Amino acid sequence: MMTISPSMSHKRAVLTPNNSSKVTGRPMGNNGGSVSNKAFSTPKFDPNNGFNPEIDEGVSFLGTSGGVAGAPGVSTTKKPLSLADKLRLWRHDALMQHHYNTAQYIGDKVLSITNDPNDAFWLAQVHYQQGSFLTARNLLRGDQFEDSLSCKYLCGLCLIALEEWDEALDVVGEFNPYKMDEDVTDAVDFEDVDIDNYTDGGIKLEASMCYLRGKIYMNMNNFDRAKDCFREAVLADFKCYEAFDELITNNYLSPQDEWELLEQINFDQADELVKLLYSTRLNKLAHSSKFLENEQKLQDEYNLKGNNDLNLAKAELLFLQCKFDTCLTVCETILKDNQFSFNTLPLYLSCLYELDAKNKLFLVSHQLAEYHPNHYITWLSIGIYYISIKKINESRIFFSKSTMLAPNFAPAWIGFAHTFAIEGEHEQAISAYSTAVRLFPGSYLPYLFLGMQYLQMNNLTLAYEYLSNSMLICDRDPLLLNELGIIYYHRGELSKAEHMFNRSLEQAHNLKIDSKLYYSIYSNLAHVNRKLGNFQTALEYFENVRKIDSKDSNIYASMGLIYLKMNKIDQAIQTLHIALSISPNDTISSELLNKALSLNMTIGYENLLNQDVDALVRRLHEGSDEEDEGFADD
């Protein structure tokens, strides 16, 4: 895997941040000292004296005359420390303990004394931590920073925070210049490092720069380029989890593409743990059995049972299986450790909505509004609460607020579109779902919802087109397969409709879904078989529906119709009476019952007439026999 080594690609010395785990380039200074892996040791914390880096002779780190591991620019030799070195130690100790005012005050004095670009870089780090992004950006201006990848990275972070997208792209660059550079190997000069004892715990700056480039393109609404940059980042270094998270969270990849990316990432042989962890973040519909296998392995071999991220992944699968009670329990377990786990809250809120837990929704929304009034999930929570109590207009306002705070937050956009769909405002719902399609190209849900809207508008052509696009992304969702079956049913393609409904039923079984989705699938299969003339099979499916919900008058009406077609009038009358007992104003059941009674009367009259004729014939025969006997007597 090619990585960046600025010291190899440029003759000038470069600046590097100290993250206590990674060095990217040679230290600045006249001695040109090599980087020893001793420089990667983490500063030790002394409760009385703060962070005290170990002093090792001959070790240099970012200094002009050697340095201290964890203390940028400080000499490690055993000679007395200079005034600048003492101030650097003070600055670094303050930064490690989050005394940012102290670090800024002392860092400014160090820079005035030395005028060293390293000291300017670390002062900019302090300003960035304080949120003074413009000040940090201005400190990194100048020719002395042009060749430093680390400085470009920090400068890009500042400009992203300032939302200066064009300037940030100029600093970071539109493309990765190291992508095909075979001379760029690793950020550490291995000539002076014992490779057998060296362990890389850092993130390659090449990957970090690609990640920044993706963030910039994402905010410029160039989602294709953003996706490419995030992919490039995680392929350059699998430890760049930020890029991986953006790809998954923002639905840039289809479920199948996510799993293919996982196979493309060059994990180190010893990093099976990371690959297993990454697999738990992927879409569960595509490989639910594989996910369960990996989850078990993480629990057994790596002692991660009870880990909140694993619990969240398990909850996502439970939600897909419509096991909302169990999913809610898992989410509440996570929230006990972290009441405001923003990764968990969207799923938790969805479970509360599905279970109609209005009181809990109100409580959670109130707590979020109190402690995180400006967070987009707060507004999502309030929107879900209002939609649960049927206040659609208020719900729409809060969903809209959430989308403004986080334009790339999928649940808020889907909720916003749902508010129009609930009120039957199809055109506005279609517009909102279309925005979601553009923002989240790897998600099949916006296409599915668009297809459902067009189906309600009886536009079968567009409905089929959008549902087919959804199928291209994910062909394992039972709801999607069920909707496609409905389109085939309305188009009179009954064999295709039956095939889709059977596929939907199969996927529901594979996912071990526990919900009323079976109600729709069994009901649709029953109607298809009724149309095909398979009356007995249709009745069997309706019996399965009755086991799920025995209070639906439409099911009994449909069964009554089938009994009529089978000429089982008594069963039809009995079933239709049940339908009317549930829904007395059901006109269809009333008409079918009247027809059944009429047929029953006709058949009864015919039977009675037949019985009268038979009796008359018998009496005639009996009279004839008596007359014959009389004649015989005469």
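Parameters and conventions
- Residues numbered from 1 in each chain as written.
- Predicted model: local features only at pLDDT ≥ 70, side-chain atom pairs only at ≥ 80, totals over all residues.
- Heavy atoms only, no water.
- Helix = DSSP H or I, 4+ residues; strand = E, 2+ residues; numbered from the N terminus.
- Buried < 20%, exposed > 50% of the residue type's maximum accessible area, 1.4 Å probe, protein only.
- Contact = heavy atoms within 4.5 Å.
- Areas by Shrake-Rupley, 256 points an atom, 1.4 Å probe, with all protein chains shown as cover.
- Patch = residues over 30% accessible without salt bridge, like charges linked within 9 Å, V, L, I, M, F, W, Y side chains within 5 Å.
- Salt bridge = Lys/Arg side-chain N within 4 Å of Asp/Glu carboxyl O.
- Lys, Arg positive; Asp, Glu negative; His and termini not counted.
- Charge placed at Lys NZ, Arg CZ, Asp CG, Glu CD.
- UniProt positions renumbered as here; feature names shortened; annotations may be inferred.
- Core = buried A, V, L, I, M, F, W, Y, C linked by side-chain atoms within 4.5 Å.
- Phe/Tyr/Trp six-rings, centres within 6.5 Å; stacked < 30°, edge-to-face > 60°.
- Axes fitted to C-alpha atoms, helices over the stretch in contact; angles between N-to-C directions.
- Left-handed = near helix turned anticlockwise from the far one by under 90°.
- Nonpolar A, V, L, I, M, F, W, Y, C, P; charged D, E, K, R; others polar.
- Parallel < 35°, antiparallel > 145°, perpendicular 65-115°, else oblique.
- Disulfide = S-S within 2.5 Å.

## Some words on the overall build of the protein chain
- Along its length, the protein chain carries 30 helices and 2 strands.
- Considering the protein chain as a whole, with its 634 residues, one finds that 49% of them fall into the buried category.
- Pairs at least 24 residues apart make up 55% of the contacts formed inside the protein chain by residues separated by at least 6 positions.
- Of the roughly 31600 Å² of accessible surface on the protein chain, a fraction of 49% belongs to carbon and sulfur atoms.

## Observations regarding a negative patch on the surface
- There is a patch of like negative charges on the surface, built from Glu 163, Glu 164, Asp 166, Asp 170 and Glu 174.
- Within the secondary structure, Glu 164 is located in the loop between helix H6 (149-161) and helix H7 (165-172).

## Quick notes on unusual backbone geometry
- The backbone of Asn 115 sits at a positive phi, close to 50 degrees, despite the residue not being glycine.
- For Asn 115, the location among the structural elements is in the loop between helix H3 (100-114) and helix H4 (117-130).
- Judged by its relative accessible area of 64%, Asn 115 is exposed.

## Quick notes on the environment of Lys 275
- Structurally, Lys 275 is set in helix H12 (residues 272-279).
- Remark: the alpha-carbon pair of Lys 275 and Glu 263, spanning 12 residues in sequence, is separated by 9.0 Å.
- Lys 275 has contacts with Leu 262, Glu 263 and Phe 267, leaving out every residue within four places of it along the chain.

## Details of the side chain of Ser 288
- Here Ser 288 shows up in helix H13 (residues 288-301).
- Looking at Ser 288, the relative accessible area reads 17%, which means it is buried.
- If sequence neighbours within four positions are ignored, Ser 288 has contacts with Leu 317 and Leu 511.

## Brief notes about the UniProt feature "repeat: TPR" (unreviewed entry) in the protein chain
- Mapped onto this numbering, the UniProt entry annotates "repeat: TPR" (unreviewed entry) at residues 410-443, 478-511, 519-552 and 553-586.
- Across residues 410-443, the secondary structure splits into 79% helix and 0% strand, with the terminal C-alpha atoms separated by 9 Å.
- Along residues 553-586 the backbone is 79% helical and 0% strand, and the end-to-end C-alpha distance reaches 8 Å.

## Remarks on the environment of Ala 136
- Position of Ala 136 relative to the elements: it lies in helix H5 (residues 133-139).
- Accessibility expressed as a relative area gives 0% for Ala 136, which makes it buried.
- In sequence terms Ala 136 and Ala 120 are 16 residues apart; their C-alpha atoms lie 9.0 Å from each other.
- Apart from residues no more than four positions distant in its own chain, Ala 136 is found in contact with Ala 124, His 127, Tyr 128 and Cys 158.

## Looking at the nonpolar core
- Leu 140, Phe 230 and Tyr 348 are the most contacted members of the largest nonpolar core, which totals 164 residues.
- What Phe 230 contacts, discounting residues up to four positions off in sequence, is Tyr 211, Gly 214, Lys 215, Met 218, Ala 243, Glu 246, Leu 247 and Tyr 252.

## Topic: the packing of aromatic side chains
- Summed over all chains, the structure comprises 25 aromatic pairs.
- Plain terms: the ring middles of Tyr 433 and Phe 449 are 5.5 Å apart, the flat faces sit at 35 degrees to each other, and that makes the pair tilted. Of the two residues, Tyr 433 sits in helix H21 (residues 426-439) while Phe 449 sits in helix H22 (residues 445-456), which places them 16 residues apart along the sequence. Here Tyr 433 matches Phe 449 in class, with each residue buried.
- Within the aromatic cluster, the residues linked to one another by ring pairs are Phe 238, Tyr 241, Phe 244, Phe 267 and Tyr 278.

## Details of the packing of helix H8 (residues 205-219) against helix H10 (residues 241-249)
- Between H8 and H10, the least distance of the axes is 9 Å, while the angle of their chain directions is 30 degrees. In this structure, H8 crosses over H10, and the sense of that crossing is left-handed. Residues Tyr 211, Lys 215 and Met 218 of H8 lie in contact with H10, whose contacting residues are Glu 242, Ala 243 and Glu 246.
- Counted by class, the contact of H8 with H10 contains 3 nonpolar, no polar and 3 charged residues.

## Overview of the packing of H12 against H13
- Following both chains from N to C, one finds H12 and H13 inclined at 135 degrees, their axes separated by 9 Å at the closest point. Compared by their axis directions, H12 and H13 come out oblique. When the axes of H12 and H13 are compared, the crossing they make is left-handed. Taken together, the residues of H13 that come into contact with H12 (itself represented by Glu 272, Leu 273, Leu 276, Leu 277 and Ser 279) are Asn 294, Lys 297 and Leu 298.
- Among the residues forming the contact of H12 with H13, the class breakdown is 4 nonpolar, 2 polar and 2 charged.

## Quick notes on the state of the cysteines
- The final tally for this structure, using the stated rule, is 0 disulfides.
- As a non-bridged cysteine, Cys 158 has Cys 155 as the owner of its nearest cysteine sulfur, 6.3 Å distant.
- For Cys 210, which is in no disulfide, the shortest distance to another cysteine sulfur is to Cys 229 and amounts to 6.6 Å.

## What about the pattern of salt bridges?
- Applying the stated criterion across every chain yields a total of 19 salt bridges.
- Linking Arg 281 and Asp 245 is a salt bridge whose minimum nitrogen-to-oxygen distance equals 2.9 Å. Of this pair, Arg 281 sits in the loop between H12 and H13 while Asp 245 is found in helix H10, placing the two residues 36 residues apart along the sequence.
- In this structure Arg 281 comes out as partly exposed when scored by relative accessible area, which is 24%.
- You can call Asp 245 partly exposed: its relative accessible area is 23%.
- Put simply, Glu 272 and Lys 297 hold a salt bridge, and the shortest N to O gap is 2.5 Å. In this pair, Glu 272 sits in helix H12 while Lys 297 sits in helix H13, placing the two residues 25 residues apart along the sequence.
- When its relative accessible area of 32% is taken as the criterion, Glu 272 is described as partly exposed.
- Here the salt bridges share partners, and the residues they tie into one network are Asp 85, Arg 88, Arg 91, Asp 116 and Asp 119.

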